[in-house]
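Below are the chains, spelled out letter by letter.
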Amino acid sequence: MIEFLLEYGLVGLFIGSFLAATVVPFSADVLLVGLLVAGVEPWSAIIVATLGNWLGGATSYGIGRIGKWEWIEKLHVSHESLEKQKRTIDRFGAAIALLTWVPFIGDVFAVALGFYRVKFVPAMFWMLIGKAARFIAWYYIVYLFHLL
């Protein structure tokens, strides 16, 4: 699948970054690095990867938003555990969205932000900042190791 997405350049990067932030278990980082090494203009790639991953994170937020406590409790998660998680989310608020940059587990944070009804606009702001920082960091890592 990665080869297919790399073949489609920035469009493939957008699609892959979007899917990687939702339910498809792979990393947008691999796609970004592959395109950077292949010679794609770095800032275009960073913007496309960020937007795709951010919109995927917003989709995960939306999936969490439609969730119901009763559904989670049917998965044998106690009401007390949900309350404890909610207190943590309430304590840190939308800034937790910065953690959505973390590969794989960041998607869980995005779903949790929606599930616990964190305000959409601030959550999306912090999510965008976190995801952009992640892809900018990958650019500098690639640049540092002279792969460009």
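The structure this text deals with has already been given above.
As the structure is a computational prediction, the values presented were derived from the model and not from experiment. For every chain, the first residue of the written sequence is number 1, and numbering continues from 1 onward in sequence order. Thresholds applied to this predicted model are a pLDDT of at least 70 for local features of residues and 80 or more for the giving and counting of side-chain atom pairs; totals over whole chains, interfaces and linings are not thresholded and use all residues. Hydrogens are left out, water is left out, and the side-chain values use all remaining heavy atoms of the structure.

Q: Quick question: what am I supposed to make of empty space enclosed by the protein here?
A: A water-sized probe rolled over the atoms picks out the places where empty space is left. Within this scheme a cavity is a closed region of a 1 Å grid, computed over the protein atoms alone, that accommodates a 1.4 Å probe without allowing it to escape, whereas a pocket is open but has protein on both sides within 12 Å along at least five of seven lines; lining residues each have an atom within 4 Å of a point. Grid points are joined across faces, edges and corners, and a volume is the space filled by probe spheres set on the points. For the structure on display, the rule yields 1 cavity of 30 Å³ or more. A20, P103, F104, D107 and R134 are, among the 14 residues lining the largest cavity, the residues nearest its centre. When residues are grouped by polarity, Ala, Val, Leu, Ile, Met, Phe, Trp, Tyr, Cys and Pro land in nonpolar, Asp, Glu, Lys and Arg in charged, and all others, Gly among them, in polar. Tallied by class, residues from the lining of the largest cavity come to 8 nonpolar, 3 polar and 3 charged.

Q: What should I look at first to understand the pattern of salt bridges in this one?
A: Two side chains that carry opposite charge are able to pair once their charged atoms sit near each other. Just to be clear on terms, a salt bridge is a Lys or Arg side-chain nitrogen sitting within 4 Å of an Asp or Glu carboxyl oxygen. For the structure shown, the criterion picks out 2 salt bridges. The residue R134 makes a salt bridge to D29 at a minimum N-O spacing of 2.8 Å. Pair noted here: R134 is in helix α8 (residues 120-144) and D29 is in helix α3 (residues 28-38), with a separation of 105 residues, a long-range link. On the basis of relative accessibility, which here comes to 8%, the residue R134 falls in the buried class. Only DSSP runs of H or I with at least four residues qualify as helices, and only runs of E with at least two residues qualify as strands; both kinds are numbered from the N terminus onward. The classification of residues rests on relative accessible area computed with a 1.4 Å probe and restricted to protein chains. Under 20% of the type maximum is buried, over 50% is exposed, and intermediate values are partly exposed.

Q: How should the layout of surface pockets be read in this particular structure?
A: Roughly 310 Å³ of internal volume is contained in the largest pocket. Taken together, 18 residues form the lining of the largest pocket, with Q85, V108, A112, F115 and Y116 sitting closest to its centre. Looking at which element gives the most residues to the lining of the largest pocket, the answer is helix α7 (residues 105-115), with 5 residues. Of the residues belonging to the lining of the largest pocket, the class tally is 13 nonpolar, 4 polar and 1 charged. In terms of lining residues, the second largest pocket is bounded by T22, V23, S60, I63, D107, V108, V111 and A112. Secondary structure elements with two or more residues in the lining of the second largest pocket: α4 (42-65) and α7. When residues of the lining of the second largest pocket are assigned to their parent elements, the largest contribution, 4 residues, is made by α7.

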